[in-house]
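Summary of the model geometry
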Amino acid sequence: MLKKSFFFFFFFLYAFCGKGQTNMTLDRDFLVPYQSNFNNTNCTVFTSIMPYDKEQVENAIQHDSTGKYKDLVFKNHDYLFSSGSLNATIFPLAGASAGYDAYGKNTTYDYSGGLHVDGKWGNNFSFSGNYLGGDIYGPSYIDSIIKRYKVVPGLGYAYSSPAKGYSYQYWDGYISYNLNKNFNFQLGQGKQFWGDGYRSLFLSDVSTSYPYFKITATLWKIQFVSMLTIMQDAETPTGLSQNFKTKYSSFHYLSWNVSPRVNISLFEAITYDGDSGKNVRGPDPSYLNPIIFYQPVNYNIGDPDKSNLGGAFKIKVAKKEQFYGQLLIDEFKLQEVIHRTEWWGNKQGAQFGFKAFDLFKVQNLSFQTEIDYVRPYTYTARDPLQNYSNFNQPLADPEGANFIESASFLTYYHKNFLIQGSLIAYHYGGDKNGSDYGENIFINYNNHPYNFGNYVGQGVSTYLATFCLKTNFIISPKMNLKAEVALYEMLDKVGPTEINEPYII
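The numbering scheme is per chain: residues are counted from 1 as the chain's sequence reads. It should be noted that, the model being predicted, local features are given only for residues of pLDDT at least 70 and side-chain atom pairs only at 80 or more, the latter also being counted only at that level, while totals for whole chains, interfaces and linings use all residues. To obtain the side-chain values, all non-hydrogen atoms of the structure were included, while hydrogens and water were left out.

1. Regarding the environment of Ile443
To qualify as a helix, a DSSP run of H or I must reach at least 4 residues; to qualify as a strand, a run of E must reach at least 2; elements of each kind are numbered from the N terminus. Take Ile443: it is sitting in the loop between strand 26 (417-430) and strand 27 (460-476). For the pair Ile443 and Arg382, spaced 61 residues apart in sequence, the C-alpha separation works out to 8.0 Å. The contact partners of Ile443, leaving out residues within four places of it in the chain, are Thr380, Ala381, Asp431 and Asp436. The criterion used for residue contact is that any of the two residues' heavy atoms lie within 4.5 Å.

2. A look at helix 1 (residues 28-38)
We call a residue buried when its accessible area falls under 20% of the maximum for its residue type, exposed when it is over 50%, and partly exposed in between, using a 1.4 Å probe and counting protein chains only. The buried count for helix 1 comes to eight of eleven residues, which makes it a mostly enclosed element. Within helix 1, burial applies to Asp29, Phe30, Leu31, Val32, Pro33, Tyr34, Asn37 and Phe38. Polar contacts here mean pairs of N or O atoms no more than 3.5 Å apart (in protein, one a potential hydrogen donor and the other a potential acceptor; neighbouring residues in sequence count only if both atoms are side-chain atoms). The N-cap of helix 1, judged by a side-chain oxygen 2.9 Å from the amide nitrogen of Asp29 a few residues on, is Asp27.

3. Focus: helix 3 (residues 140-149)
Counting buried residues along helix 3, seven of its ten residues qualify, which places the element largely inside the surrounding structure. Buried within helix 3 are the following residues: Tyr141, Ile142, Asp143, Ser144, Ile145, Ile146 and Tyr149. Positive backbone phi, at 65 degrees, marks Lys150, one or two positions downstream of helix 3.

4. A look at the pattern of salt bridges
Salt bridges are defined as contacts in which a side-chain nitrogen from Lys or Arg sits within 4 Å of a carboxyl oxygen from Asp or Glu. Evaluation of the coordinates by the stated rule reveals twelve salt bridges. Residue Glu439 is joined to Arg148 by a salt bridge in which the shortest nitrogen-to-oxygen separation is 3.9 Å. With Glu439 in the loop between strand 26 and strand 27 and Arg148 in helix 3, the pair connects residues that are 291 residues apart, well separated along the chain. By relative accessible area, which is 5% here, Glu439 ends up buried.

5. Some remarks on the side chain of Ser366
Along the chain, the position of Ser366 falls in strand 22 (residues 365-374). With residues up to four places along the chain from it excluded, the contact list for Ser366 reads Ala356, Phe357, Phe409, Leu410 and Thr411.

6. Thoughts on the pairing of strand 25 (residues 403-414)
In summary, the side chains of a regular strand alternate between the two faces of the sheet. Judged by which residues are buried, strand 25 turns out to be one-sided: Phe403, Glu405, Ala407, Phe409, Thr411 and Tyr413 face inward and are buried, whereas Ile404, Ser406, Ser408, Leu410, Tyr412 and His414, on the alternate face, are not. Here strand 22 runs beside strand 25; their pairing, made up of ten bridges, is antiparallel. Note on strand 25: the bridge partner recorded for Asp372 is Glu405. Pairing between strands is defined by DSSP: at least two bridges between the two strands are required. Judged from the twelve bridges that link them, strand 25 and strand 26 form a sheet pairing that is antiparallel. Its bridge partner being in strand 26, Tyr412 is matched across the sheet by Ile419. Once strand 25 ends, the chain turns through two residues before running back antiparallel as strand 26, passing Lys415 with a positive phi of about 55 degrees.

Here it is, written out as C-alpha cells:
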C-alpha cells in the first residue's frame, strides 16, 4: 500500500534546548556556522561530545572566520544584567507554529511559553535554566507517536488538553563548576548528544530531559566524560509522575585526538532497574569509576546490569571533507557472527557518514550524508526497565531497532539566512500477530519468534521516505530565536501485512 502525505507549515520558534553561558545549544541550525571550522586541522574541539562548551569552542576556532550569526535583538551583548562577579540574562520564552497536514486533512498548531535564565558567577561557576509549557495538535505522524508512547516527542508526557490536542511541560537546567582548565563538574537536568552524525547510536537528544551528574576531564589530547543519570518509564495510565518507574544509567565516553586529522572514541553505557518489585536500588556511585569497559568484567561474574559498548572515529581527509562513523555492540557472540547464523542475540549497530564544506567552492554550502544500520532486538532487555530508553523514547535513534536509514542534507547559509534540503529514507520491520520482530525496544526480547535467521527489515517490511525543504532566518542566536517556513513530503510503502506504525522523522 502506498501512502502520500504533504505537510506545509510556518514556524516561528523561540528555541530553548541546552542554552547557557557554558553549554551551547543542541539546535543544528545554530551550529551550522561552526561546522567548517571544526574540520580545520588546527581545531582541537572534541566535536562528538555535545553540548559544546561555549568558551572552549570560541577559543579553539578562528574568530575571524566563524561566520557566526549576528544578533539582531541583543546586538551580541553578552549579558543583560551585570553586578560585580554576577552576570545574568533573563528573558521570556515564546513559540508558535501553524500548518496544514494534507494527508490528515486538518490544520495543526503548536504554541508555548516560558522563562529562560542563564549566567556566570566569577570565573568558575555558570548556570542555566529553562521552563516551557504549551499545547500541540500535530500532523498525523506526530499524533501517532503521541498515542503510542504517551509523550510529546522530546518534550515529556502528553497530557490531555481542553482543546483537541495535547499539553506538555518541559524544563532543563544546570549548575556548572570549573575546578581548573582540565576538570568540569555539572549537575542538572538536560540532554546530551554523543557523535558526529545526524543520528547517534550511542546517546542522542531524542527523549525529553533527565537529571544527571557529569564529570568532564580534558587532559592532553584526550577528553573523558563520566555521567550518572536518572531515567524514567512513563508507561502509566494516570500520567502522574509519582507512578512513573525509575531506572538509572551510567555513561562513559573517551575521545582521543590521535592527530590533527584523526579522532577515535570509546563508549560505554550501563542501565539498571531502580524499581524491581519490592527492592529499590538507588544510583550506584561505583559507576563513576573512571575505568572504561570495566562493566563487561562484572557481567562475567554475574552482574545483571545491562551494558552497551561502542567505538567511533572521525577522519578529516582534506581541508573541506571528513568521514565519520560509529559501531555499537549490545550483545555479541563471535561464533555466531563467523558462521553467519543471524542469531537473534547478536545485537549491533553501525554508522558511516561523510561531510563536505564549501561544496563546489561555494562558501557556506555544505553537504552531509550518512547510513545507520541497527540489527533487530538491539537496545532491548529481558527486563523492560533496563532497555535503552527514557520517558518512553529511545536514547539513540528514534526508530529503535531493526532498521537501515539513509539521511542526506544540502545546506547553505549567508549571514542570518539559512536554506536546507534533506532526504531521509528508512527501511524497517514492524511487529505482527503478537510476535516481536525486533523493532520495539520497549518490550521483553524473549518473545522473539526465531533464534536464527534474523535480519534487518524482518516482520512487516516498511519503507519510508521524507523530503524536507526549509528556510529560516536567525533573529537572535543568543535567544535561539528564528522564523522558519518548511515543506514536508512523506511517502511510505508497507509490506503484505499493514499495521498502524508511527512515522518517525
